[in-house]
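Examination of the molecular architecture
Here is how the chains run, residue by residue.
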Amino acid sequence: MRVGIFGRSFDDSFIPNIQVLFNTMKLYGWEVSVYQPFMAFLQPRISMSFDSEPFNKHEDIKDKIDILLSIGGDGTFLETIHIVKDTGVPILGINTGRLGFLASTSKDNIKSSLQDIKDGRYRLQTRSMLTLVTEEGLFGEDNIALNELTVHKKETSSMITIHTYIGDLYLNSYWADGLIISTPTGSTAYSLSCGGPIMVPGAQDFVITPIAPHNLNVRPVVVPDSRTIRLKIEGRGSNYLCSLDSRSVTIDSAIELVVRKTDYEINVIQTEGQNFLNTIRNKMMWGLDRRN
């Protein structure tokens with residue numbers, strides 16, 4: 001088994017768990033490759049008694065690893081997709097903090113999850129993504145998002161207007177603080193906090209969710225992800241904020257944003273006992289009632 005490790009810095013209290021991770025991989029005889037900046041963070045903190053080939057970018061892992069472990073939270077997982085892209089390499093999210101929707105393997109379950117992978121007791125869950133298309137190439141080759149695209153006001157407290165089209169059909173002009181175009185994965189992120197619905201990962205849809213709309217009868221809309229969504233923005237300010245997951249750029253009203261489904265999907269590893277419904281029930285604390 002060839003394993004890649006991607007991560008960011010974490011609290012020192014998690015060091016023993018990472019040591020368990022590396023000790024277990026050595027015991028199994030797995031080949032390990034670590035993201036180079038993460039390697040620099042790990043070397044003075046844990047013992048790695050085997051050679052590790054570092055990687056830095058997407059091209060370094062293509063056809064060279066079998067699975068990728070993302071160590072951190074959901075934010076780290078979102079960064080991982082820019083390493084994986086269209087390679088099809090499955091990702092296992094190991095959470096260094098609280099339970100995440102994507103990084104759903106807790107530190108206490110590291111050994112059991114690796115054992116499940118070794119024994120083949122896991123399944124792959126596909127996650128669709130979105131692509132932002134602009135003539136200006138705003139995000140270069142990293143114009144993909146696993147969660148959402150967001151447009152937001154920037155220079156003024158006044159609301160902005162986002163003219164929205166599904167394909168060539170006019171949908172609405174949202175008078176709001178901003179607008180979110182979410183994937184099923186992103187439906188439990190920013191969109192959810194703005195009143196959007198929760199979608200299971202296999203749903204083939206986008207959610208259009210306004211941020212603090214002026215008209216209270218404007219509600220989130222679910223549209224098939226086979227359609228493209230076009231956005232044109234206007235307002236009192238000259239600049240607006242456009243975000244893909246955690247990355248943002250400043251745009252002006254001359255830029256038209258086109259959102260479509262990415263041509264490939266991300267594979268997420270789910271070991272025994274892990275599934276979206278369990279995660280969301282635990283994360284949202286559904287069914288917990290002091291009266292029971």
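Residues numbered from 1 in each chain as written. Predicted model: local features only at pLDDT ≥ 70, side-chain atom pairs only at ≥ 80, totals over all residues. Heavy atoms only, no water.

1. A word on the packing of aromatic side chains
According to the stated counting rule, one finds 8 aromatic pairs in the structure shown. On the numbers, 5.8 Å between centres and 50° between planes, the contact of Y35 with F55 is tilted. Of the two residues, Y35 sits in the loop between strand 2 (31–34) and helix 2 (36–42) while F55 sits in the loop between helix 2 and helix 3 (58–61), which places them 20 residues apart along the sequence. F55 carries the same exposure label as Y35, and that label is buried. Their ring planes at 10° and their centres at 6.2 Å tell us that F38 and F41 sit as a pair that is stacked. Within this pair, F38 and its partner F41 are both found in helix 2, separated by 3 residues, close to a single helical turn. Residues F38 and F41 agree in their burial class; the two are buried. (Phe/Tyr/Trp six-rings, centres within 6.5 Å; stacked < 30°, edge-to-face > 60°. Helix = DSSP H or I, 4+ residues; strand = E, 2+ residues; numbered from the N terminus. Buried < 20%, exposed > 50% of the residue type's maximum accessible area, 1.4 Å probe, protein only.)

2. Details of helix 1 (residues 15–28)
Here helix 1 is 14 residues long and its end C-alpha atoms lie 20 Å apart, about the 20 Å a rise of 1.5 Å per residue gives. If you check which residues of helix 1 are buried, you get I15, N17, I18, Q19, L21, F22, T24, M25 and Y28. Residues of helix 1 that are buried sit in contact with strand 1 (2–7), strand 2, helix 2, strand 3 (67–72), strand 4 (91–95) and helix 5 (110–118). The positive-phi residue at the C-terminal boundary of helix 1 is G29, with phi of around 75°. (Expected span 1.5 Å × (residues − 1). Contact = heavy atoms within 4.5 Å.)

3. Description of helix 5
Along helix 5, the residues that are buried comprise I110, S113, L114, D116 and I117. Down the axis of helix 5, the smallest arc covering the buried residues is 155°, so these residues share one side. The inward-facing, buried residues of helix 5 abut helix 1, strand 3, strand 4, strand 5 (122–127) and strand 18 (266–271). Where helix 5 ends, the next residue or the one after it, G120, has phi of about 75°, a positive value. (Arc of directions from axis to C-beta.)

4. Points about the sheet that holds strand 11 (residues 178–182)
Spatially, 6 strands are ordered 13-12-11-8-15-16 in an open sheet, and the strand pairing comes out antiparallel. A strand with exactly one partner marks an edge of an open sheet, and here the two such strands are strand 13 (221–224) and strand 16 (247–252). Neighbour to neighbour, the strand axes of the sheet diverge by 20° on average, direction disregarded. Two elements, strand 12 (residues 205–211) and strand 13, share 4 bridges in a ladder whose sense is antiparallel. For V207, the partnering residue across the bridge sits in strand 13 and is V222. (Pairing = 2+ DSSP bridges. Axes fitted to C-alpha atoms, helices over the stretch in contact; angles between N-to-C directions.)

5. A few points about the sheet that holds strand 14 (residues 229–234)
The sheet built from 6 strands is open, its strands ordered 7-6-17-14-9-10 with antiparallel pairing. Lying at the two open borders of the sheet, with one neighbouring strand each, are strand 7 (144–145) and strand 10 (169–176). Strand direction decides the pairing type here: strand 14 and strand 17 (residues 257–261), joined by 3 bridges, are antiparallel. Counted as the bridge partner of R230 is V258 from strand 17.

6. Considering the nonpolar core
Generally speaking, nonpolar side chains in soluble globular proteins are found buried as a group. Residues I5, L21, F22, M25, L42 and L69 are the most contacted members of the largest nonpolar core, which totals 47 residues. At 6 residues, the largest contribution of residues to this core is made by helix 1. What L42 contacts, discounting residues up to four positions off in sequence, is F10, I18, F22, V34 and M48. Formed by 26 residues, the second largest nonpolar core is a distinct cluster that contains A145, I208, Y240 and V259. (Core = buried A, V, L, I, M, F, W, Y, C linked by side-chain atoms within 4.5 Å.)

7. A closer look at the side chain of T105
Relative to the elements of secondary structure, T105 occurs in the loop between strand 4 and helix 5. Reaching out from T105, the side chain makes a polar contact with the side chain of Q274 at a distance of 2.8 Å. Discounting chain neighbours no more than four positions away, the residues touching T105 are L92, G93, I94, N95, S113 and Q274. (Polar contact = N/O pair within 3.5 Å; in protein donor to acceptor, adjacent residues only side chain to side chain.)

8. A few points about the state of the cysteines
As enumerated under the stated definition, the model contains 0 disulfides in all. Counting only cysteine sulfurs, C242 is the nearest neighbor of C194, a cysteine outside any disulfide, at a range of 16 Å. When its relative accessible area of 25% is taken as the criterion, C194 is described as partly exposed. The class for C242 is buried, based on a relative accessible area of 0%. (Disulfide = S-S within 2.5 Å.)

9. Observations regarding the packing of helix 1 against helix 5
Two elements in contact, helix 1 and helix 5, have axes whose closest approach is 9 Å; the angle formed by their N-to-C orientations is 25°. With respect to their mutual orientation, helix 1 and helix 5 come out roughly parallel. Crossing handedness for the pair helix 1 and helix 5: right-handed. Of the residues in helix 5, those in contact with N17, V20, L21, T24, M25 and Y28 of helix 1 are I110, K111, L114, Q115 and K118. Tallied by class, residues from the contact of helix 1 with helix 5 come to 6 nonpolar, 3 polar and 2 charged. (Parallel < 35°, antiparallel > 145°, perpendicular 65-115°, else oblique. Left-handed = near helix turned anticlockwise from the far one by under 90°. Nonpolar A, V, L, I, M, F, W, Y, C, P; charged D, E, K, R; others polar.)

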